[in-house]
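# Structural description and commentary
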Amino acid sequence: MFQIRIHGRGGQGVVTAAEMLALAGFMEGHKAQAFPSFGSERTGAPVVAFARLSSVEPIQEPDVVLIQDRTLLESVPVFSGLQPEGYVLINSSRSPEELGLEDLIKQLPKGHVMSVPATNYALESLGRPLPGAGMLAGFAAITGSMKLESVQKAYAVKFAGRIAEANAEIARLAYEAVLSQKEKIHA
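Quick summary incoming for the structure in this document. Values in this document were obtained by computation on a predicted structure and should not be read as measured data.

The number of helices and strands found in the protein is six helices and six strands. The N-to-C order of helical and strand elements in the protein reads β-α-β-β-β-β-α-β-α-α-α-α. Against the 2.2 N^0.38 benchmark of 16 Å for 187 residues, the protein shows a C-alpha radius of gyration of 15 Å, consistent with a compact globule. With respect to the principal axes defined by its C-alpha atoms, the protein has extents near 45 × 35 × 35 Å. For the protein, with 187 residues in total, the buried portion stands at 50%. In the protein, once contacts between residues fewer than 6 apart in sequence are set aside, the share between residues at least 24 apart is 65%. For the protein, the accessible area works out to roughly 8700 Å², and carbon and sulfur atoms hold 51% of it. If the 17 positive side-chain charges of the protein are averaged to one point and the 19 negative ones to another, these points end up 2 Å apart.

The structure is reproduced here in structure tokens:
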């Protein structure tokens, strides 16, 4: 079972990312669930969404934490309850070390804390800062629990045409970037 908590800001597609992750998991035969947690529903406000590839309720002890906005590292307890064998993926062009996460890196298994510039990929492909597809593909790559194609198909179910194609490209770029990091770490 994977329990995933996604942190971001209103307008970044955090809720959509959780829905797409659940849909991709369902496509692979997992019992999947996605649900948001709203405080204020305004653009830029911190937002949390959850996804579960299983059937249990709110995620207090996630196996995976996806952070779509790195500025939340300083203001929200994003690592709260993270499992000892957990995974962390941060939307940033800066490495986890550059983000000051050395202590977290030491606590988790080698290769379980990574970053991926998902917003950069989204801006290049979509022209908008919507990192969800990149973060979900990064999740697939870092954990090995899902195929890139399932993430791409989930977006193709929700969106059509150029938007689906752009999200598929964002997912591909992020997936390859995370796999490349894994290879370097384990080399």
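Two measures define how a pair of helices packs: the angle their axes make with one another and the distance between the axes. Close contact between helix α4 (residues 132-143) and helix α5 (residues 148-158) brings their axes to 9 Å; oriented N to C, the two are set at 155°. As far as their axial angle goes, α5 and α4 are roughly antiparallel. Crossing of α4 over α5 shows right-handed handedness. Here α4 contributes G132, A133, L136, A137 and A140 to the contact with α5, which in turn contributes L148, V151 and Y155. Considering only residue class, the contact of α4 with α5 consists of seven nonpolar, one polar and no charged.

Turning to the pattern of salt bridges, a few remarks are in order. In total, this model carries four salt bridges according to the counting rule given. E19 is the salt-bridge partner of K158, the closest N and O atoms lying 3.7 Å from each other. One end of the pair, K158, is in helix α5; the other, E19, is in helix α1 (residues 14-27), and 139 residues separate them in sequence. With relative accessibility at 34%, the residue E19 sits in the partly exposed group. Two residues, R172 and E176, come together in a salt bridge whose shortest N-O distance is 2.7 Å.

This part covers the sheet that holds strand β3 (residues 46-53). A sheet is described by the order of its strands in space; here six strands give the open sequence β2-β3-β1-β4-β5-β6, paired in mixed fashion. Every interior strand has two partners, whereas the edge strands, β2 (32-37) and β6 (113-116), have only one. Strand-to-strand twist in this sheet, taken as the mean axis angle between neighbours without regard to direction, amounts to 15°. With eight bridges joining them, strand β1 (residues 2-9) and β3 adopt antiparallel strand pairing. Across the sheet, the residue bridging to F2 is L53, located in β3. In the packing of α4 onto the sheet, the strands contacted are β1, β3, β4 (64-67), β5 (87-91) and β6, and the crossing angle to β5 comes to about 150°. Across the sheet, helix α6 (residues 161-185) is in contact with β5 and β6; its angle to β6 comes to roughly 140°.

The rules behind these values
Residues numbered from 1 in each chain as written. Predicted model: local features only at pLDDT ≥ 70, side-chain atom pairs only at ≥ 80, totals over all residues. Heavy atoms only, no water. Helix = DSSP H or I, 4+ residues; strand = E, 2+ residues; numbered from the N terminus. Rg over C-alpha atoms; globule rule 2.2 N^0.38 Å. Buried < 20%, exposed > 50% of the residue type's maximum accessible area, 1.4 Å probe, protein only. Contact = heavy atoms within 4.5 Å. Areas by Shrake-Rupley, 256 points an atom, 1.4 Å probe, with all protein chains shown as cover. Lys, Arg positive; Asp, Glu negative; His and termini not counted. Charge placed at Lys NZ, Arg CZ, Asp CG, Glu CD. Axes fitted to C-alpha atoms, helices over the stretch in contact; angles between N-to-C directions. Parallel < 35°, antiparallel > 145°, perpendicular 65-115°, else oblique. Left-handed = near helix turned anticlockwise from the far one by under 90°. Nonpolar A, V, L, I, M, F, W, Y, C, P; charged D, E, K, R; others polar. Salt bridge = Lys/Arg side-chain N within 4 Å of Asp/Glu carboxyl O. Pairing = 2+ DSSP bridges.

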